[in-house]
Amino acid sequence: MMKAERSKLPEVQLLQVAAIPHQNGDQQLCRQSLYRVFWLHHEGDTSMSHLYVAGPGRNINLPLTAVGYQISFPEEALILLDCQHYEPFDFKPASAATLYACIKNQKCCADIGNVIAKMQKIDNASEQKRLLPSLLKVLLVYISRHFENAPKQADNSCEGILYSAFMTLMEEKSFERKPVTAYARQLSVSITTLNHAIKSTSGFTASHHIQQRIITKAKQAAIASQASMKEVAYELGFQDIAHFSKYFRVNTGMTFTDYKRNFQMIYS
Amino acid sequence: MKNLHSSKTTFEAHMLQELFNDKKNFAEDFYQPDVFELIWIKKGSGYFTIDLEKRGLVDNTLYCLFPGQIHRLEPEDELVGYRIAFSEDFLKTANKGWQLPVVLTCQGFESETRVAWLDETYIIEIDYIITTMLWEYSNEHKLKKDILNGLLHLLIAQLTCQFGLIEEREASQVNKIYNKFISSLSSSFLLHKQVSDYASELSVSTSYLSEVVKRVSGFPAGYHIKQRLLLEAKRKAVCDSSSMKSIAYKLGFDDPSTFSKFFKSCTGTNFSEFRKQYA
């Protein structure tokens, strides 16, 4: 079976599983913003399996002789299943491009292999597709367990500490839109210091991070709850609904209602 | 007054053999759990009484029990099977806005029992899910709660296919109101006895609610409230050994004699005789 055809319809599939035959080119290019997981083993060698995880838009070099499967899914799947915090998928902009794990444990190999085999068997047109979200969740947990001890770069410089303090503030449950000055005050530093620290550590400005966070929160509320746009807007600290509506559209390329409609479909 | 649906997040997975060995009383008497239970009898003989309806055990049967249903398992020899118990909150940990799937919602007032005889293909699938669950449950690995949650959703999705219950995505407005009424009835029938209470909870007028419920189910809203209360009275009569008086108060009756009359007029027998039948 060759790589599954990518549909050009706006409808989004929760995930795709494709078998990878012998590689023709060593580069798997990613045209869409999908997370991709590669589950491979070398032909004739079943003692170990290789797991690669690539973030959206990352290219990956796969070994030439390997066969196996590619599983791709959009970020929305993570939001839906509440898996954004699972380890290899909590991609921060600055983290490594792709992650790799070699799995030798027989049980782990069998577990992951089983789930992928089940996913592949499911016909997307049938009612069985309702099994996909939970299968994906189980798979994500299995994968996450292999990155348990992935070394985290401990950044003990002043900037690094400030950056992680800032990110922690944003992870708070009661997150709402606040200007960078508010964060600077909370962290007792000047706005220039904060901006500089964040930019030099992550490569993005503080306001970019805030914006990303608002969008993620809004998306999550859109697909994972029955809340209306009004409720979501107020919860995120927007006083003006029209403003929120525009903000969402500009940043995601889709209106809130369209987004909700598109992605709720894959879950129900 | 106590709400029937527990607010704790519970999850348990056990083999039936273990349960019978650990707690001798597990099978002896009726009990009324406040969580959902999935009981899968793989092999064994005996009787299983659910809501006073006695059934013989059949191999490869899966029972889906709702919170509040009373049941008693009487095995004649050793049972092979599994019991998975979980609360609604556990299902919703990943997603607060998630709605219960049809397989776990009581559709009518006579909350019918969902029983499935599994065929070969499902046995393999469900066996796989449950063994994985048990393994995860008895081990402490990273993201244990998450994987159990995922597996439980997987199991429920399989059951939805097995029971042939496909959700109607575009339920009509009338059906939506009816479903909301039924679910709020089962969670607050001890507190609210008037149709108007439910109407204001759903933000519709009393007469409209009555009309909608009658159109969908054939019975007026008041009848559903009465039947739900009666069902609970019968359950309590059998599994709660306290006096009629205290049961009357538990069910929200101010006067035990009103309760006594209510019970007799609905069932045809009086409370203590009814209880004796099942003693």
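A short tour of the structure in this document, coming up. (Residues numbered from 1 in each chain as written. Chains lettered and ligands numbered in written order. Predicted model: local features only at pLDDT ≥ 70, side-chain atom pairs only at ≥ 80, totals over all residues. Heavy atoms only, no water.)

**Overview of the pairing of strand 4 (residues 49–54) of chain A**
Residues and elements named next belong to chain A. What counts is decided by this rule: Accessibility here uses a 1.4 Å probe with only protein chains present; expressed as a share of the type maximum, an area under 20% marks a residue as buried, one over 50% as exposed, and anything in between as partly exposed. Helical segments are the DSSP runs of H or I of at least four residues, strand segments are the runs of E of at least two, and each set is numbered from the N terminus. Strands qualify as paired when DSSP identifies two bridges or more between them.
Most of strand 4 sits inside the fold, with six of its six residues counted as buried. Here strand 4 shows no split at all, with S49, L51 and V53 on one side and H50, Y52 and A54 on the other all buried. The pairing of strand 3 (residues 34–42) with strand 4 spans five bridges and is classified as antiparallel. Among the inter-strand pairings, F38 is bridged to a residue of strand 4, identified as Y52. In sequence, strand 3 turns back onto strand 4 through a hairpin of six residues, with G44 there showing a positive phi of about 85°. When strand 4 meets strand 7 (residues 98–103), the two strands line up antiparallel, connected through six bridges.

**Focus on the packing of aromatic side chains**
Applied cut-off: Aromatic pairing here means that ring centres of Phe, Tyr or Trp (its six-membered ring) are within 6.5 Å. Orientation follows from the plane angle: under 30 degrees is stacked, over 60 is edge-to-face, and everything else is tilted. As a reminder, the over-ring test applies to NZ of lysine and CZ of arginine, requiring each to be within 6 Å of the ring centre and within 35 degrees of the ring normal.
Tallied over the entire structure, the rule returns 23 aromatic pairs over all chains. Seen from their ring centres, F259(B) and F263(B) are 6.1 Å apart, and the 50° between their planes marks the pair as tilted. In this pair, F259(B) and F263(B) both sit in helix 10 (residues 256–267), four residues apart, roughly one turn of the helix. Taking the relative accessible area as the measure of exposure, F259(B) reaches 0% and is therefore buried. Residue classification places F263(B) among the buried residues on the basis of a relative accessible area of 0%. The rings of F238(A), F244(A), Y247(A), F248(A), F256(A) and Y259(A) are connected pair by pair, giving a single aromatic cluster. Here K144(B) stacks its cationic end above the ring of Y137(B), 5.4 Å away from the centre of that ring.

**Thoughts on helix 4 (residues 144–163) of chain B**
To be explicit about the condition: To estimate how far a helix should extend, the number of its residues minus one is multiplied by 1.5 Å.
Along its 20 residues, helix 4 of chain B runs 28 Å from first to last C-alpha, staying within 8% of the 28 Å computed at 1.5 Å per residue. Among the 20 residues that make up helix 4 of chain B, 19 are buried, leaving the element largely enclosed by the rest of the structure.

**Describing the state of the cysteines**
Here, disulfide denotes a covalent bond that connects the sulfur atoms of two cysteines. All names here are of chain A. Which entries qualify depends on this criterion: In this description, a disulfide is simply a cysteine sulfur pair whose atoms lie within 2.5 Å.
Summed over the entire model, instances satisfying the criterion amount to zero disulfides over all chains. The closest cysteine sulfur to the non-disulfide-bonded C102 is located on C109, 8.4 Å from its own sulfur. Taking the relative accessible area as the measure of exposure, C102 reaches 34% and is therefore partly exposed.

**What about the sheet that holds strand 6 (residues 71–75) of chain B?**
All names here are of chain B. Let me state the cut-off plainly: To obtain an axis, a line is fitted to C-alpha atoms, over the contacting stretch when the element is a helix, and the angle between two such axes runs from 0 to 180 degrees between their N-to-C directions.
Taken in spatial order, the three strands line up as 4-3-6 in an open sheet, and their pairing is antiparallel. For this open sheet the edge positions go to strand 4 (53–56) and strand 6, each flanked by a neighbour on one side alone. Neighbour-to-neighbour, the strand axes of this sheet turn through a mean angle of 15°, independent of strand direction. Pairing geometry for strand 3 (residues 46–50) and strand 6, over five bridges, is antiparallel. The partner of T49 across the bridge, within strand 6, is R72.

**Points about helix 3 (residues 132–146) of chain A**
Three- or four-residue spacings in an α-helix give side chains the same orientation, since the helix completes a turn every 3.6 residues. Taking 1.5 Å of rise per residue, 15 residues should cover 21 Å, and helix 3 of chain A covers 22 Å from first to last C-alpha, within 8% of that figure. Burial analysis of helix 3 of chain A places 14 of its 15 residues in the buried class, which makes it a mostly covered element.

**Looking at the nonpolar core**
We count it as follows: As used in this record, nonpolar core signifies buried Ala, Val, Leu, Ile, Met, Phe, Trp, Tyr and Cys residues forming a set joined through side-chain atoms within 4.5 Å. The contact rule is simple, with two residues in contact once any of their heavy atoms fall within 4.5 Å.
Counting 101 residues, the largest nonpolar core has F73(A), F89(A), F166(A) and F86(B) as its most contacted members. Top contributing element to this core by residue count: helix 4 of chain B, with ten residues. Here F89(A) is in contact with Y35(A), V37(A), V53(A), F73(A), L78(A), Q84(A), L140(A) and I143(A), once residues within four sequence places are set aside. By size, the runner-up hydrophobic cluster in this structure holds 35 residues, among which are V204(B), L209(B), V213(B) and F271(B).

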